Amino acid sequence: MAKTIQAIRGMNDLSPTDSPLWQWIEGQVRETFASYGYAEIRSPILESTNLFARGVGEETDIVSKEMFTFKDRDDESLTLRPEGTAGCVRAAIEHGWIYNQEQRLWYIGPMFRYERPQKGRYRQFHQAGVEIFGIANPEADAELILLTARLWEKLGIREHVSLQLNSIGSLDARKKYNEALVAFLNQHIDVLDEDCKRRLTTNPLRILDTKNEQIQAVLNNAPKLHDYLDEEAKNHFAQVCQILDQMGVKYEINQKLVRGLDYYNKTVFEWVTTALGSQGTVCGGGRYDGLVEQLGGHATEGVGFAMGLERLVLLVQEVNPTVALPRAVDIYVVHTGEGTTAKAFELAENVRSAFPQLRTMLHCSGGNFKKQFKRADKSGAKLALVLGESEVAEKNVVIKDLHGEVEQITVSQANLISELQARFK
Ligand code: HAM
C-alpha cells in the first residue's frame, strides 16, 4: 500500500461528527453580528508580508517568530495571515470603504501562526472578528463588548467567561510610560529573564504580561500605566466603563493587560475563561486609532476584536455539552422492488421542496429492507418513508417512526406532505 500523507502539524481537519457544533456556533456568531447591523467582508488569506510587519509590528511575537512567510515565483514575500485586522484595514483603504464614512464590518476564517501546538493553540485556527471604523466615541468600544456578551449568552457560556479591561492611552502617553518602565526595570535587571531583557529595548510594555512570577512580583511596584494616561484617554475609558456599568456587564480592570499586537491605543479588552487550561483567552480586541493612517489611509479611528473559534468550541463542549444540535438526518427513505426507485426519488424531492429545513436522505445503496432499516436507524432519523412494490402499485407510502413513538401507518402519497406537517410541527 502507498504511504499515507498526514496533515501538517497544528492544522486540524473538521470531522463530520464535530461539524454540526461548529455550524451551530458559527450560526450564532453570524446571527449576532447581523443583529447589530454589521456587514460581512471576505479578504484573501495571503497578503504581502509588509502588511503585517507594518500593521501588527516588527517586534511583536506574531511578526518576529510566528508567521508562515514564503517567496512566490516572482520572489515576492507573502504571508499567510496571522490575524484579520491588518487585511481588513488594507482592503478598506484600497476600496474606499472607510473614506469619510462609518463602517461596521465582520469576517470569519482561518488564520495561521507558527506556535507550539497544544490544546486551544493551533497553527491554523479560525477567528470571527469585527472592526468598526470612523467612530471615535466610547460608545463603539462599549457596543463591541455588549455584542460579545450577548453572544456568550446565546452559546450558554456567559457564566464561564470574564471580562478584563484596560486603557493603554495615546501613543504619546505610552512612550512616556515606556521610559518610566524601562528606568524602573533597569534597577531590577538581575531579575529579568532573557525574553524580558530583549523586550526592554524592543517592546517594554509586553514585559507587563510575563508569566514569570518573580518578575511579576517586581512589577507590582512598577510605575502604573494609568498614572500616565492623558485626560482624553482617561475620560474615554471612564465612559466605556460607565456604559458597561449601566448595562450590567461586569469587568475587571487589569492594568497589566497590554495585548500582543502593536496597533492598540486607549481601550483594550479580553474575555478569558479558566475552563480551558493555559489557552484561556477566547476573545481579544481594542481600539487602534492610528492603524489606518499607518497603513497609508486617511486618519480613521478603528476598534475591534477577534474570537478564537476552536477555543469557543472547546468551551461549549466543556460547559454546555447538551446544546441542542439539529439532527443529522430527519427522514430516511427506503425502497426496494420493481419501480420503487423512481418513486422514491420523486417522493424525496417532494418532501425536500415542502420542508427545506428538514434533512431528507434517500437510501442509494440497494439491499433488502433489513439492511436499509439498519442504515435508517444508524442515520439517527426520526422517520423512515417505506416504498415497496405494493405501495407503489397502490400509490401509498408507509411512514415508520424509527423511535417507536407513533404507530407505523400507511398513507396515500397524495397525503404524505400534510401527514409529515403534523409530525414535524
Ligand atoms: P489576538 O488576541 O492575537 O487578536 O487573537 C484573538 C483570538 O484568537 C485569541 O483571543 C484566541 O482566542 C484566538 N487565537 C489566537 N492565536 C491562536 C492560536 N494559535 N490557536 C487558537 N486560537 C488562537 C487579534 O488577532 C486581533 N486581530 C484582534 C482584533 C481585532 N483587535 C482589533 N480588532
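Residues numbered from 1 in each chain as written. Predicted model: local features only at pLDDT ≥ 70, side-chain atom pairs only at ≥ 80, totals over all residues. Heavy atoms only, no water.

What follows concerns the overall build of the protein chain. Per the secondary structure count, the protein chain includes 15 helices and 16 strands. The globule rule puts the C-alpha radius of gyration for 425 residues at 22 Å, and the 28 Å found for the protein chain is more than 25% above it. Considering only C-alpha atoms, the protein chain reaches an extent of 90 × 60 × 45 Å along its principal axes. Split into buried and exposed, the 425 residues of the protein chain put 50% on the buried side. Put simply, 69% of the contacts in the protein chain that link residues at least 6 apart link residues at least 24 apart. Each charge class in the protein chain can be summarised by its mean position, and for the 49 positive and 57 negative side chains these summaries are 5 Å apart. (Helix = DSSP H or I, 4+ residues; strand = E, 2+ residues; numbered from the N terminus. Rg over C-alpha atoms; globule rule 2.2 N^0.38 Å. Buried < 20%, exposed > 50% of the residue type's maximum accessible area, 1.4 Å probe, protein only. Contact = heavy atoms within 4.5 Å. Lys, Arg positive; Asp, Glu negative; His and termini not counted. Charge placed at Lys NZ, Arg CZ, Asp CG, Glu CD.)

Right, let's talk about the packing of helix H12 (residues 340-354) against helix H15 (residues 416-423) for a bit. Their axes nearest at 11 Å, the elements H12 and H15 cross at an angle of 50°. Between H12 and H15, the interaxial angle falls into the category oblique. For the crossing formed where H12 meets H15, the hand is right-handed. Contacts between H12 and H15 involve Leu347, Asn350, Val351 and Ala354 from the first element and Leu416, Ile417 and Leu420 from the second. Here the contact of H12 with H15 is composed, by residue class, of six nonpolar, one polar and no charged. (Axes fitted to C-alpha atoms, helices over the stretch in contact; angles between N-to-C directions. Parallel < 35°, antiparallel > 145°, perpendicular 65-115°, else oblique. Left-handed = near helix turned anticlockwise from the far one by under 90°. Nonpolar A, V, L, I, M, F, W, Y, C, P; charged D, E, K, R; others polar.)

In this section: the UniProt feature "binding site: L-histidine" (unreviewed entry) in the protein chain. Within this numbering scheme, the UniProt entry marks Glu83, Gly84, Thr85, Arg113, Gln127, Glu131, Arg259, Tyr263 and Tyr264 as carrying the feature "binding site: L-histidine" (unreviewed entry). Within the secondary structure, Arg113 sits in the loop between strand E5 (103-112) and strand E6 (124-133). Its relative accessible area of 14% is what places Arg113 among the buried residues. When neighbours within four sequence positions are excluded, Arg113 is seen to be in contact with Ile62, Glu66, Phe68, Pro82, Glu83, Tyr122, Arg123, Phe125 and Gln127. Within polar-contact distance, the side chain of Arg113 engages the backbone oxygen of Pro82 at 2.8 Å. Locating Gln127 in the fold gives a position in strand E6. (UniProt positions renumbered as here; feature names shortened; annotations may be inferred. Polar contact = N/O pair within 3.5 Å; in protein donor to acceptor, adjacent residues only side chain to side chain.)

Once that is clear, we can look at the site of the ligand. As a structural note, the neighbourhood of the ligand is formed by 26 residues, with Glu83, Glu115, Glu131, Tyr264 and Thr281 the closest of them. Take Arg259: an N or O atom from its side chain is 2.9 Å from an oxygen atom of the ligand. Between the ligand and Tyr264 there is a distance of 2.6 Å, counted from a nitrogen atom to a side-chain nitrogen or oxygen. Compared with its free state, where it exposes 660 Å², the ligand has 96% of that area covered by protein. The set of elements that each furnish at least two residues to the shell around the ligand consists of E6, strand E10 (281-287) and strand E11 (302-308). Ranked by residues supplied to the shell around the ligand, first place goes to E10 with six residues. Across the shell around the ligand, the residue classes break down as 10 nonpolar, nine polar and seven charged. (Near = heavy atom within 4 Å. Areas by Shrake-Rupley, 256 points an atom, 1.4 Å probe, with all protein chains shown as cover.)

A word on the nonpolar core. Side chains of a nonpolar character, in soluble globular proteins, are inclined to be buried together. Within the largest apolar cluster, 92 residues are counted, with the highest numbers of intra-cluster contacts made by Phe33, Trp152, Leu155, Trp271, Val282, Phe305 and Met307. No other element matches the eight residues that helix H5 (residues 138-155) contributes to this core. Here this core spans two domains, and each of domain 1 (18-169 + 250-319) and domain 2 (171-228) adds at least three residues to it. (Core = buried A, V, L, I, M, F, W, Y, C linked by side-chain atoms within 4.5 Å. Domains from an automatic or database assignment.)

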